[in-house]
Amino acid sequence: GLNPGNVRHILLSDSKLTPRHRKLLLGRDLQRYELTWSGTWVNYDPSLKDTIGPNETRSKKGMTAQARVAFALRDSSIYKPNKVMVRKTADHIVGSLDSEGFCFDSLSYGIRPKTGEYDPKFLLGLLNSKYVGYMHAELSQNQNKVFAKVLAKNLRRLPMPDVDLNSVQDCA
């Protein structure tokens, strides 16, 4: 997802200030099977990189100030609707469906199944299932860790069934 870098104060807002502002999902906005948008907007304008000067940057407290503007909006195609959202900061998989087309920050994964592979709702059900949760727990060794993360490499390693959702036999 996008990374507001050292211009967070310019990119993010509590209201839609321009036509280029888009709704932004934060990691904390994701719960199992539910998205609760917190009201954060992002100025999704790639040309901002050419208009913001280094004197307008702000580094987080305790971080070394950078002499350059650093942020990443990412390609807009990753924010299209009908994707499965997974929160990164958790000791287990927390997935929900984005049918609206939210932008998302770097504390979430946006997963779009390949065309014809899985229906996003089917994938969401798998990811939130007890079975996949158990498999993820075995892969990640994250249980009860204070700074646990769901890692992309572990999501890729999860066993996914080879099913034909148009087959009555596979869906029974």
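Everything that follows concerns the structure shown earlier in this document.
From a predicted model like this one, the values you see are computed outputs, not experimental measurements.

Trainee: So what exactly am I meant to see when it comes to the side chain of Asp29 here?
Mentor: You can see Asp29 is positioned in the loop between strand 2 (21–25) and strand 3 (30–31). Of the polar contacts made by the side chain of Asp29, one reaches the side chain of Ser38; its length is 3.1 Å. Dropping the residues within four chain positions of it, Asp29 is found in contact with Leu24, Glu34, Leu35, Thr36, Trp37 and Ser38.

Trainee: Can you walk me through the pattern of salt bridges in this structure?
Mentor: Charged atoms that come close allow side chains of opposite charge to pair. Here the structure, examined in full by the defined rule, presents 3 salt bridges. Among the salt bridges present, the one from Lys83 reaches Asp98, with a minimum N-O distance of 2.5 Å. Of this pair, Lys83 sits in strand 6 (residues 83–87) while Asp98 sits in strand 7 (residues 95–98); the two residues are 15 residues apart in sequence, bridging distant segments of the chain. Asp98 matches Lys83 in its accessibility class, with the two residues each being buried.

Trainee: So what exactly am I meant to see when it comes to the packing of aromatic side chains here?
Mentor: Centre distance and the angle of the planes are the two values used to describe a pair of aromatic rings. Taken as a whole and assessed by the stated rule, the structure comprises 3 aromatic pairs. Consider the rings of Tyr44 and Tyr79, whose centres lie 6.0 Å apart with planes at 85 degrees: the pair is edge-to-face. Taken together, the residues Tyr44 in the loop between strand 5 (41–43) and helix 2 (48–51) and Tyr79 in the loop between helix 2 and strand 6 connect sequence positions 35 residues apart. Classification of Tyr44 as buried rests on a relative accessible area of 10%. By relative accessible area, Tyr79 is classed as buried at 0%. Plain terms: the ring middles of Tyr79 and Phe104 are 5.2 Å apart, the flat faces sit at 75 degrees to each other, and that makes the pair edge-to-face. Pair noted here: Tyr79 is in the loop between helix 2 and strand 6 and Phe104 is in strand 8 (residues 103–104), with a separation of 25 residues, a long-range link. Grouping residues by exposure puts Tyr79 and Phe104 together as buried. Taken together, the ring pairs connect Tyr44, Tyr79 and Phe104 into an aromatic cluster. When the ring centre of Trp37 is taken as origin, the NZ or CZ atom of Lys23, which lies over that ring, is 4.7 Å away.

Trainee: What is the right way to look at unusual backbone geometry in this model?
Mentor: Across residues other than glycine, the phi torsion is negative in most instances, and most of the peptide bonds are trans. Despite not being glycine, Tyr33 shows a phi value in the positive range, around 60 degrees. For Tyr33, the location among the structural elements is in the loop between strand 3 and strand 4 (34–35). Positive phi, normally seen in glycine, also occurs at Arg74, with a value near 70 degrees. Owing to a relative accessible area of 44%, Arg74 belongs among the partly exposed residues under this scheme.

Trainee: Teacher, can you tell me more about the nonpolar core here?
Mentor: One broad trend across soluble globular proteins is that nonpolar side chains are buried collectively. Counting 20 residues, the largest nonpolar core has Leu2, Leu11, Leu24, Val42, Phe71, Leu73 and Cys103 as the members making the most contacts within it. Those elements giving two or more residues to this core turn out to be strand 2 and strand 8. Once residues lying within four places of it in the same chain are set aside, the contact partners of Val42 are Leu2, Leu11, Leu12, Arg20, His21, Arg22, Leu24, Leu73 and Cys103. Grouped together as the second largest cluster of nonpolar side chains are 12 residues, Ile93, Leu123, Leu124 and Val150 included.

Trainee: Before we go on, may I ask you to explain the layout of surface pockets in this structure?
Mentor: The calculated volume of the largest pocket comes to roughly 570 Å³. Lining of the largest pocket is provided by 23 residues; of these, Asn3, Pro4, Gly5, Arg8 and Lys60 occupy positions nearest its centre. Grouping the constituent residues of the lining of the largest pocket by class yields 9 nonpolar, 9 polar and 5 charged. Counted as a void, the second largest pocket has a volume near 410 Å³. For the lining of the second largest pocket, the secondary structure elements donating two or more residues are strand 9 (108–111), helix 3 (120–127) and helix 5 (152–156). Here the lining of the second largest pocket gets 3 residues from one element, more than from any other, and that element is helix 5. The class makeup of the residues in the lining of the second largest pocket is 10 nonpolar, no polar and 4 charged.

Definitions and limits used
Residues numbered from 1 in each chain as written. Predicted model: local features only at pLDDT ≥ 70, side-chain atom pairs only at ≥ 80, totals over all residues. Heavy atoms only, no water. Helix = DSSP H or I, 4+ residues; strand = E, 2+ residues; numbered from the N terminus. Polar contact = N/O pair within 3.5 Å; in protein donor to acceptor, adjacent residues only side chain to side chain. Contact = heavy atoms within 4.5 Å. Salt bridge = Lys/Arg side-chain N within 4 Å of Asp/Glu carboxyl O. Buried < 20%, exposed > 50% of the residue type's maximum accessible area, 1.4 Å probe, protein only. Phe/Tyr/Trp six-rings, centres within 6.5 Å; stacked < 30°, edge-to-face > 60°. Lys NZ or Arg CZ within 6 Å of the ring centre and 35° of its normal. Core = buried A, V, L, I, M, F, W, Y, C linked by side-chain atoms within 4.5 Å. 1 Å grid on protein atoms, 1.4 Å probe; cavity = no way out; pocket = protein on both sides within 12 Å on 5 of 7 lines; lining within 4 Å. Points joined across faces, edges and corners; volume = space filled by probe spheres on them. Nonpolar A, V, L, I, M, F, W, Y, C, P; charged D, E, K, R; others polar.

The values reported here are purely geometric and, on their own, carry no functional implication.
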